[in-house]
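Listed below, chain by chain, are the residues.
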Amino acid sequence: LPHFDELPVIGVVGTRKATAYGMSHTRAISCELAQAGACIVSGLALGIDAAAHRGALDAKGRTVAVLGGALDKFYPAQNRSLMHAILGSGGSVVTEYPLGMAPTQYSFLHRNRIIAGMSLGVLVTEGARRSGALRTAENALDYGREVFALPGDVRSEGSQLPHMLIRDGAQLITCAGDILNTLRIEHVQRGAAHVEQAHKERAALTKDKPEAAEQ
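Here, residues in each chain are numbered from 1, in the same order as that chain's written sequence. Where local features are concerned, this predicted model is filtered to residues with pLDDT of at least 70; where side-chain atom pairs are given and counted, the filter is 80 or more; whole-chain, interface and lining totals use all residues. Only hydrogens and water are set aside; all other atoms, that is, all heavy atoms of the structure, feed into the side-chain values.

Novice: Account for the packing of helix α1 (residues 20-35) against helix α2 (residues 48-58), with residues named and values stated.
Specialist: Here an axis means a line fitted to C-alpha atoms, over the contact stretch when the element is a helix, while the angle between two N-to-C directions is reported on a 0 to 180 degree scale. Strands are runs of DSSP state E lasting at least 2 residues, helices are runs of H or I lasting at least 4, and numbering of each runs from the N terminus. It is the contact of α1 with α2, at a shortest axis distance of 7 Å, that shows an interaxial angle of 35 degrees. Crossing hand, α1 versus α2: right-handed. Contacts from G22, M23, T26, R27, S30, C31 and A34 of α1 reach α2 at I48, A51, A52, R54, G55, A56 and D58. Residues are grouped as follows: Ala, Val, Leu, Ile, Met, Phe, Trp, Tyr, Cys and Pro are nonpolar; Asp, Glu, Lys and Arg are charged; every other residue, Gly included, is polar. Among the residues making up the contact of α1 with α2, the classes are represented as seven nonpolar, four polar and three charged. In this scheme the crossing of two helices becomes right-handed for a clockwise turn of the near helix relative to the far one and left-handed for an anticlockwise turn of less than a right angle. In this description, contact between two residues means that some pair of their heavy atoms is separated by no more than 4.5 Å.

In structure tokens form, the structure reads like this:
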């Protein structure tokens, strides 16, 4: 695999209380994105985050987990084996917090800006209206990133956030190809020059359409 900084990065986030629909589509889309050469970044939480990381691993691709606490205060314990699988695949587990700092509700929200900042675009697949994934989407818009959302059952609480984001201007997606086309990521790994060009094109679009960053 190319070095991390040679890969286009896509954030994939959502609720811990995911449905079978959200988990399966998140894993499948993340796998397709990784097969296309993207690095999947998420928060290693239960639910959607875990499905995103596993999708990248299914494709034998690169994935990065951003923790909400210190490495020696790993949470959740149920995902410890997933953390080792990420590291064993050549991926990364990173945190801004010093040793000894346990995660809190606020540290999880604070780390979401890192996921958004690392990414060319952020996909929200499932979450309640007041889900922490909303903060990640808001951070992405603040940074001029693209926000994508997966539609779902209107009766499901997990569809509230994606539908709200779509209503407010996020791009509705149904497959990985929708994301790849928008971010101008070809289905090949072309190295650092390709990623730099993708960043330039996204910056130009934001400059030409400043309202896109104000949605």
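Resuming the write-up.
Novice: With reference to specific residues and values, describe helix α5 (residues 133-142).
Specialist: Three or four residues apart is the spacing at which side chains of an α-helix point the same way, because the helix has 3.6 residues per turn. With a 1.4 Å probe rolled over the protein chains alone, any residue whose accessible area is under 20% of its type maximum counts as buried; one over 50% counts as exposed, and the rest are partly exposed. Counted residue by residue, α5 has seven buried out of ten residues, so it is predominantly covered. Among all positions of α5, only A133, L134, T136, A137, N139, A140 and L141 are buried. Buried residues along α5 sit against β1 (9-14), α4 (105-118), β5 (121-126), β6 (146-149) and α6 (160-167). Backbone geometry just downstream of α5 places G144 in the positive-phi region, at approximately 75 degrees.

Novice: If you had to explain the environment of L161 to someone new, which residues and values would you point to?
Specialist: Along the chain, L161 turns up in helix α6. Not counting residues within four places of it along the chain, the set of residues in contact with L161 comprises V124, G127, A128, R129, S131, A133 and L134.

Novice: Kindly report on the layout of surface pockets, identifying the contributing residues and their values.
Specialist: In this approach a probe as big as a water molecule rolls over the atoms, and the regions it shows empty are the leftover space. Site definitions follow a grid-based scheme: protein atoms alone, a 1 Å grid, a 1.4 Å probe that fits but cannot get out for cavities, and for pockets an open set with protein on both sides within 12 Å along at least five of seven lines, plus lining residues having an atom within 4 Å of a point. Grid points are joined across faces, edges and corners, and a volume is the space filled by probe spheres set on the points. Considering only enclosed or pocket space, the largest pocket measures out at about 580 Å³ in volume. Of all elements in the fold, only β1, α4 and α5 reach the threshold of two or more residues within the lining of the largest pocket. With six residues, the single largest contributor to the lining of the largest pocket is α4.

Novice: Account for the pairing of strand β2 (residues 39-42), with residues named and values stated.
Specialist: Burial along β2 is two-sided: the residues C39 and V41 and I40 and S42 are all buried. Classification remark: right-handed applies to a crossover when, strands pointing away from the viewer, the course from the first strand over the helix to the second runs clockwise. Handedness of the crossover is the feature at issue here: the chain leaves β1, passes through α1, returns alongside β2, and the resulting connection is right-handed. Here a strand pair is declared whenever DSSP counts at least two bridges between the two strands. Where β2 meets strand β3 (residues 63-66), three bridges bridge the pair, whose relative direction is parallel. Paired with V41 across the bridge in β3 is V64.

Novice: Can you break down the side chain of S156 residue by residue, with the values?
Specialist: Mapped onto the fold, S156 is located in the loop between β6 and α6. We call two N or O atoms a polar contact when they sit within 3.5 Å, provided that within protein one can donate a hydrogen and the other can accept it, with sequence-adjacent residues counted only if both atoms are side-chain atoms. Of the polar contacts made by the side chain of S156, one reaches the backbone nitrogen of G158; its length is 3.2 Å. When sequence neighbours within four positions are dropped, the list of residues in contact with S156 reads T19 and E126.

Novice: Explain the pattern of salt bridges to me, and be specific about the residues and the numbers.
Specialist: In what follows, salt bridge is the name for a side-chain nitrogen of Lys or Arg lying within 4 Å of a carboxyl oxygen of Asp or Glu. In the structure shown here, the tally under the stated rule is four salt bridges. For the salt bridge of D58 with R27, the shortest nitrogen-to-oxygen distance reads 2.7 Å. Taken together, the residues span a long stretch of sequence, with D58 in helix α2 and R27 in helix α1 at a distance of 31 residues. R27 gets classed as partly exposed once you look at its relative accessible area, which sits at 35%.

Novice: Lay out the pairing of β1 in plain terms, naming residues and giving numbers.
Specialist: β1 sits mainly inside the fold: six of its six residues count as buried. When β1 meets β2, the two strands line up parallel, connected through three bridges. Counted as the bridge partner of G11 is V41 from β2. Bridge analysis of β1 against β5 gives five bridges, and the strand direction is parallel. Looking across to β5, one finds that G11 is bridged to V122.

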